[in-house]
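Spelled out, the chains give:
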Amino acid sequence: MTTSSSSSSSSLFLLILLLCTASHTIPTLSSANIEAYPSIPGTQTTTDFSNNGELDLAPVRREVYGGGRIIDISHRYTPDMPSWDSVDGVGQFLWLPKSMKNGSLTNNSEMKLPTHTGTHVDAPGHVFDHYFDAGFDVDTLDLDVLNGQALLVDVPRDKNITAEVMKSLNIPRGVRRVLFRTLNTDRRLMFKKDFDSSYVGFMKDGAQWLVDNTDIKLVGIDYLSVAAYDDLIPSHLVLLEGREIILVEGLKLDNVQPGIYSVHCLPLRLLGAEGSPIRCILIK
């Protein structure tokens, strides 16, 4: 009995010793930890030890992950992001009807947002009413088209995407996904509250040239519409009529080098919706 009690006491002492040691070796959030997760360019995150030595929680919002291997090319939803034909931006789109501060067991938000806001995708029913009635919504879009190898190209900065511009880009046959970076990115139009109808987009002849002379099935662009304001509906009609091309609009392409990437875009499965917010990433 004495030997057993002694053994139990030794085991208990060892357990306490291990726990005490562990409590002194748990890593704390340091500046080195923070730098490993870069934030939005131009912003800073600081670690402030206050409140009797407790860490003030400060989340880091990232654009790049995995040491630069993964790049988020979708825009963050904010009340001041641009909305179609509006000078007031999107406005409030998020509410917290159930709040722990008001006695609820959990925080539960509600959202009301146009489906063509921010980085989003268009389905054929967006501009063809018979496709809309037939059910060609975002839930019918081909994920094989929305995910795979993609080419990011820089468009000449002084013009819309015409047939002449498309020809000059020399996009080879076989390329199925192309992201077009334009003057919209340089002007940071997606970061401005006011809608700007002077954005760069496809003219009808450029859209027709793409359909007739390339194998492109995913067209991505860096403002709210793939089509130029002056050729808005005609360009959409050309691109979406065959139901083979998927349009991804409102991409965030700043600080991304032209080249070949793996693109991954996933819309929400919204039954009956002709558009959907979408999360898009590039993988090097």
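Our subject is the structure listed above.
Structural notes, computed from the coordinates. Keep in mind the model is a prediction, meaning the values are calculated, not measured. (Residues numbered from 1 in each chain as written. Predicted model: local features only at pLDDT ≥ 70, side-chain atom pairs only at ≥ 80, totals over all residues. Heavy atoms only, no water.)

1. A closer look at the state of the cysteines
Inference 1: Per the counting criterion, the structure on display carries one disulfide.
Inference 2: Covalent S-S linkage joins Cys265 and Cys280, the inter-sulfur distance amounting to 2.2 Å. On the S-S bond that ties Cys265 to Cys280, the torsion sits near 120°, and the link is right-handed. Of the two residues, Cys265 sits in strand E12 (residues 259-267) while Cys280 sits in strand E13 (residues 275-283), which places them 15 residues apart along the sequence.
Inference 3: Since its relative accessible area comes to 0%, Cys280 is described here as buried. (Disulfide = S-S within 2.5 Å. Helix = DSSP H or I, 4+ residues; strand = E, 2+ residues; numbered from the N terminus. Buried < 20%, exposed > 50% of the residue type's maximum accessible area, 1.4 Å probe, protein only.)

2. What to know about the environment of Arg76
Inference 1: Note on placement: Arg76 falls in the loop between strand E4 (70-72) and strand E5 (94-98).
Inference 2: Through-space distance from the C-alpha of Arg76 to that of Lys252 is 9.4 Å; in sequence the pair is 176 residues apart.

3. Here's the deal with the packing of aromatic side chains
Inference 1: Applying the stated criterion across every chain, the model contains ten aromatic pairs.
Inference 2: On the numbers, 5.9 Å between centres and 35° between planes, the contact of Trp84 with Tyr229 is tilted. Here Trp84, found in the loop between E4 and E5, pairs with Tyr229, found in the loop between strand E10 (218-221) and helix H8 (232-240); they are 145 residues apart in sequence, far enough to count as distant.
Inference 3: Note on Trp84: relative accessible area 33%, which makes it partly exposed.
Inference 4: Between Phe195 and Tyr229, the aromatic rings sit 6.0 Å apart at their centres with planes inclined by 55°, giving tilted as the arrangement. With Phe195 in the loop between helix H6 (183-186) and helix H7 (204-213) and Tyr229 in the loop between E10 and H8, the pair connects residues that are 34 residues apart, well separated along the chain.
Inference 5: Judged by relative accessible area, Tyr229 falls into the partly exposed class, the value being 31%.
Inference 6: Note that Arg188 overlies the ring of Phe191, its terminal NZ or CZ placed 3.9 Å from the centroid. (Phe/Tyr/Trp six-rings, centres within 6.5 Å; stacked < 30°, edge-to-face > 60°. Lys NZ or Arg CZ within 6 Å of the ring centre and 35° of its normal.)

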